[in-house]
Amino acid sequence: MLEEQDNGQENFIDVEKVNLTPNKIKLIYLGVLALGIKLESMVIPISKSELDLVVEYISKVLQKNEELIRRACSLLEQIENSEQNNYYGIVKEYLDNFSSLSESEENLSLNLNQEQKLSLALKVLTDLLFYSSRSGQRYLHKQLQCL
């Protein structure tokens, strides 16, 4: 009976988890695009094998652009540790792009107010830093499988 269950659902993620996975992947795509990184594909996976391919693709793109992500996160940390909380440089560009893309791109739209978008954008930027590391692919894969 276990084999039948494994064979029947081998390539699929739990239905409840699938409903959350696209949102997380959309946020990752949005964050990557907001940094000015080009994406060749923005597939939302519906099976485990598709998820594996998407995670591998995203990881490669992020590792290739790790320096850009590190610079943005470093500046963000400096800004947050200063007395002024005015965003500037690459962080301001990222936040402006994130907000603009979340309103203009139909498949990436977010129904949130500006404060929520700002908070989410900063979280996504920090997540991208972790995903761009050597173990980022494994970390991203585990996180998406848990959704």
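Structure: see above.
Values in this document were obtained by computation on a predicted structure and should not be read as measured data. (Residues numbered from 1 in each chain as written. Predicted model: local features only at pLDDT ≥ 70, side-chain atom pairs only at ≥ 80, totals over all residues. Heavy atoms only, no water.)

Novice: Provide a residue-level description of the overall build of the protein chain, including the pertinent values.
Specialist: In terms of helices and strands, the protein chain carries seven helices and zero strands. For the protein chain, the sequential pattern of α-helices and β-strands runs α-α-α-α-α-α-α. Here the protein chain displays about 9,400 Å² of accessible surface, and carbon together with sulfur accounts for 48% of that area. (Helix = DSSP H or I, 4+ residues; strand = E, 2+ residues; numbered from the N terminus. Areas by Shrake-Rupley, 256 points an atom, 1.4 Å probe, with all protein chains shown as cover.)

Novice: Explain the side chain of lysine 117 to me, using residue names and the numbers behind them.
Specialist: Its place among the elements puts lysine 117 in helix 6 (residues 114–131). The class of lysine 117 is buried, set by a relative accessible area of 5%. One polar contact links lysine 117 to glutamate 103, side chain to side chain, over a distance of 3.0 Å. With sequence-adjacent residues up to four places away left out, lysine 117 is seen in contact with Phe98, Ser99, Ser102, Glu103, Leu110 and Leu112. (Buried < 20%, exposed > 50% of the residue type's maximum accessible area, 1.4 Å probe, protein only. Polar contact = N/O pair within 3.5 Å; in protein donor to acceptor, adjacent residues only side chain to side chain. Contact = heavy atoms within 4.5 Å.)

Novice: Describe in detail the nonpolar core, supporting the description with residues and values.
Specialist: Counting residues in hydrophobic clusters, the biggest one holds 38 residues, and the most contacted among them are Val32, Leu35, Tyr94, Phe98 and Leu128. Listed by contribution, the elements that provide at least two residues to this core are helix 2 (15–34), helix 3 (48–64), helix 4 (66–81), helix 5 (89–104), helix 6 and helix 7 (136–146). Valine 32 has contacts with Ile37, Leu39, Val61, Leu62 and Leu128, leaving out every residue within four places of it along the chain. (Core = buried A, V, L, I, M, F, W, Y, C linked by side-chain atoms within 4.5 Å.)

Novice: So what about the packing of aromatic side chains? Which residues, and what values?
Specialist: One pair of aromatic rings is described through two measures. These are the centre distance and the angle between the planes. Scanning the entire structure with this criterion turns up three aromatic pairs. Each ring, one from tyrosine 94 and one from phenylalanine 98, has its centre 5.9 Å from the other, and the planes form 50°; the classification is tilted. You can see tyrosine 94 and its partner phenylalanine 98 sitting in helix 5, four residues apart, about one turn around the helix. As far as the burial class goes, tyrosine 94 and phenylalanine 98 line up, both buried. (Phe/Tyr/Trp six-rings, centres within 6.5 Å; stacked < 30°, edge-to-face > 60°.)

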